[in-house]
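Close look at the chain arrangement
Listed below are the residues making up each chain.
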Number of protein chains: 4
Amino acid sequence: MRAAITCFVDRGFHGTAVPQIAKQAGVSAGTLYHYFPSKEALVNELYRKWKSAVGQRVFTAFPQGAPVHEQFRVMWHELARFAREEPAAFGFIELHNHASYLDEESAQMDRNLKDFTRGMVRLAQAQGLLKPIDPTVLMELVFGAFYGLIRAYHDGRVELTDELIEATEQACWDAVALREG
Amino acid sequence: MRAAITCFVDRGFHGTAVPQIAKQAGVSAGTLYHYFPSKEALVNELYRKWKSAVGQRVFTAFPQGAPVHEQFRVMWHELARFAREEPAAFGFIELHNHASYLDEESAQMDRNLKDFTRGMVRLAQAQGLLKPIDPTVLMELVFGAFYGLIRAYHDGRVELTDELIEATEQACWDAVALREG
Amino acid sequence: MRAAITCFVDRGFHGTAVPQIAKQAGVSAGTLYHYFPSKEALVNELYRKWKSAVGQRVFTAFPQGAPVHEQFRVMWHELARFAREEPAAFGFIELHNHASYLDEESAQMDRNLKDFTRGMVRLAQAQGLLKPIDPTVLMELVFGAFYGLIRAYHDGRVELTDELIEATEQACWDAVALREG
Amino acid sequence: MRAAITCFVDRGFHGTAVPQIAKQAGVSAGTLYHYFPSKEALVNELYRKWKSAVGQRVFTAFPQGAPVHEQFRVMWHELARFAREEPAAFGFIELHNHASYLDEESAQMDRNLKDFTRGMVRLAQAQGLLKPIDPTVLMELVFGAFYGLIRAYHDGRVELTDELIEATEQACWDAVALREG
DNA sequence: AATGAATGAGGCTTCATTCAT
DNA sequence: GATGAATGAAGCCTCATTCAT
């Protein structure tokens, strides 16, 4: 339910009451329990659904054989467009990174995504295209920066124009790329 | 109380019960209410205390007349060392950015810090040292990246060595600096 | 439904959910409400059905003109055999004696059975065959003892052989009979 | 709390709401949870408290070296007097025999009491004083009869005079005793 | 100043019952 | 007739807060 996502984004997991979600969704509290055995199960299901959606989206658009910078650009643009189209969902995913109420299945999904990305980073480093910093750190810098950008967009402090996406992509590429000079 | 911070970092504001904090602090629940009128007041007081502590720390070390990159480097290193020395406090500050239970005073403090920083960014942009992107965005990219780094440190996924601090500082400077070429 | 009886015996009236009964019976929850207007009506109907069944059984086998001890023996054996053949139903009847959700019709049925039995006891006392104790008490002693026997059988603590039925019948007859000596 | 016992006796475990107990006890629902971690814990604690009270009572009055019939008489009278003095508590104990929400500790207590009693029965049988029926069955007959008597007393259908206690004791002794003739 | 028992509102969840299909 | 999704009242329990000691 989209209603649940909005609530969770606004107030967090513990700050959101199940009846609030139900009201927002226009159903009764009991009805939620026909579809989800518990509040935890609900949040996990939502998490996995959207996390895999964003993963699919990037994966689908990913230019397999292209240069690394082009791949980076595509990933950044896809993520940004996703965040622009589904701001609530994106905020939801970001919010729940590493939350204690996520179950093992959700955690496993996270790890898989990260492992895959780390593999790509290592490959690019081996080609001398990225700075020789711990891949985990490089990823955290990039995704952290991206989250920062999206947070500002959510709060209405900036508009997420294509130009801004392009400019921020360039900035973050500069952060991780090994300067040729 | 340091105990409260640990609890809030582990479980979030709504997920932390006042008696839990009291127990962790080794006092009774009632005692907390001698010092703080409410749970919200407690969290706000903690927030302001540590936010101003980190602000003071950066401000004290800040090299007023130095070149911008040097200023950036000092800020980054001070923040990183703070996060290394007070991991719980730093996690606490980061966690509560924009939380709904922060009061106006806390929000005002945030805005002041941000406005000040934005002023510095504008100045550097006017000198042609930083990329001509919305200063708000530049700041979010940098602080977002920094939070990402610290998160990885908190989770034990990386060690926060001086070398890593230096390398990440360089990467983030590359992200925001205007390339001379 | 036999399913309902099993559930009620296992968990009691309040501890049994209507959907549980439905699932056990292999039908949907809504279907139950085609046949019974409410959970209370269901339990009352079951109660009357089986209570009258056991009453019929004893009544049918009852040797009208025989000596009192013979009558007692027949009653005891019939009850015991019923409990052996329909353990769930018997446990159900016993469980719901005097329960607050039994309606007036069920209560009336109980009273009729008891009044009838009490009449027989009085008759036997008048003949000097039973101890001159309040007939209500005599009945409670006998049926209480019988329930105790059956409870042990239900719990698997004893086997309900014909020999045991006979021996316990003799014991309970000794309890109520006036010793000739 | 005596209030809880009354409620449980009236409506059973599942039929009694915690707020009902609290109201009856004149405290708030939350207060109960200062003293008992859960409704189950409450019922178990009450059960053990009163079960051991009745056990103590019989044990204290028990005439160790006396003839078996005298021992039986004492036990019966003590039980009856206890039931007369604490009708709610006695009804409560009886009600919860073998209930599914009793925990292992309570069940163990039951078993210990029963094992002890069974030992005495065996001893008496070896002396040729009791009928040679499975001791478990003899006990169930006697306690079942006793419960029946008390049930009638609870319902106000009989008065529990000393004479009645004596008469019923005699009847139940006749049930289990081996007739000398 | 410190305690911790007491409170009652509110949270998560269940369940008897209804009703559109 | 049968279903099972929907409901909302109510159940168990937690928790921020108060207050007598």
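Before reading on, note that the structure itself is shown above.
Quick summary incoming for the structure in this document. (Residues numbered from 1 in each chain as written. Chains lettered and ligands numbered in written order. Predicted model: local features only at pLDDT ≥ 70, side-chain atom pairs only at ≥ 80, totals over all residues.)

Some remarks on the overall build of chain A
Along chain A, the regular secondary structure elements total nine helices and zero strands. Along chain A, from the amino end to the carboxyl end, the secondary structure elements read α-α-α-α-α-α-α-α-α. The buried share of chain A, reckoned over its 181 residues, is 29%. Contacts in chain A between residues far apart in sequence, at least 24 positions, make up 58% of those at least 6 positions apart. (Helix = DSSP H or I, 4+ residues; strand = E, 2+ residues; numbered from the N terminus. Buried ≥ 20, exposed ≤ 12 C-beta atoms within 10 Å, placed from the backbone. Contact = placed C-beta atoms within 7 Å.)

Some details on the interface of chain D and chain C
Contacts between the two partners involve 32 residues from chain D, matched on the other side by 32 residues from chain C. Every element with two or more residues in the side of chain D that touches chain C is listed here: helix H8 (135–154) and helix H9 (162–176) of chain D. Here the side of chain D that touches chain C takes 13 residues from H8 of chain D, the largest share from any one element. Split by residue class, the side of chain D that touches chain C holds 16 nonpolar, nine polar and seven charged. (Nonpolar A, V, L, I, M, F, W, Y, C, P; charged D, E, K, R; others polar.)

Section: the relation of the copies chain D and chain C
Of the transformation superimposing chain D on chain C, the axial component is 0.1 Å and the angular component is 180°, with the fit at an RMSD of 0.1 Å. Viewed as a symmetry operation, the transformation between the two copies matches a two-fold axis. Interface overlap between copies: 97% of the residues of chain D at the interface are likewise at the interface in chain C, consistent with a symmetric, same-surface contact. (Least-squares fit on C-alpha atoms with pLDDT ≥ 70 in both.)

Things to note about the interface of chain B and chain A
Across the boundary between the two partners, chain B contributes 33 residues, which contact 33 residues of chain A. Those elements giving two or more residues to the side of chain B that touches chain A turn out to be helix H8 (135–154) and helix H9 (162–176) of chain B. Here the residues of the side of chain B that touches chain A are counted per class, giving 16 nonpolar, nine polar and eight charged.

Concerning the protein's contact with DNA strand E
The environment of DNA strand E is made up of 28 residues, and the closest members are Ala17 of chain A, Gly30 of chain B, Ala17 and Val18 of chain C together with Gly30 of chain D. Those elements giving two or more residues to the surface near DNA strand E turn out to be helix H2 (18–25) and helix H3 (29–35) of chain A, helix H3 (29–35) of chain B, helix H2 (18–25) and helix H3 (29–35) of chain C together with helix H3 (29–35) of chain D. Considering only residue class, the surface near DNA strand E consists of 14 nonpolar, twelve polar and two charged. (Near = placed C-beta within 6 Å.)

Some words on the protein's contact with DNA strand F
Taken together, the neighbourhood of DNA strand F is formed by 28 residues, with Gly30 of chain A, Ala17 and Val18 of chain B, Gly30 of chain C together with Ala17 of chain D sitting nearest. The set of elements that each furnish at least two residues to the surface near DNA strand F consists of H3 of chain A, helix H2 (18–25) and H3 of chain B, H3 of chain C together with helix H2 (18–25) and H3 of chain D. A per-class count over the surface near DNA strand F returns 14 nonpolar, twelve polar and two charged.

Notes on unusual backbone geometry
Residues and elements named next belong to chain C. A positive phi angle, close to 70°, is found at histidine 98, a residue other than glycine. Mapping histidine 98 onto the fold places it in the loop between helix H6 (87–95) and helix H7 (104–126). C-beta crowding within 10 Å serves as the criterion here: with 10 such atoms nearby, histidine 98 is assigned to the exposed category.

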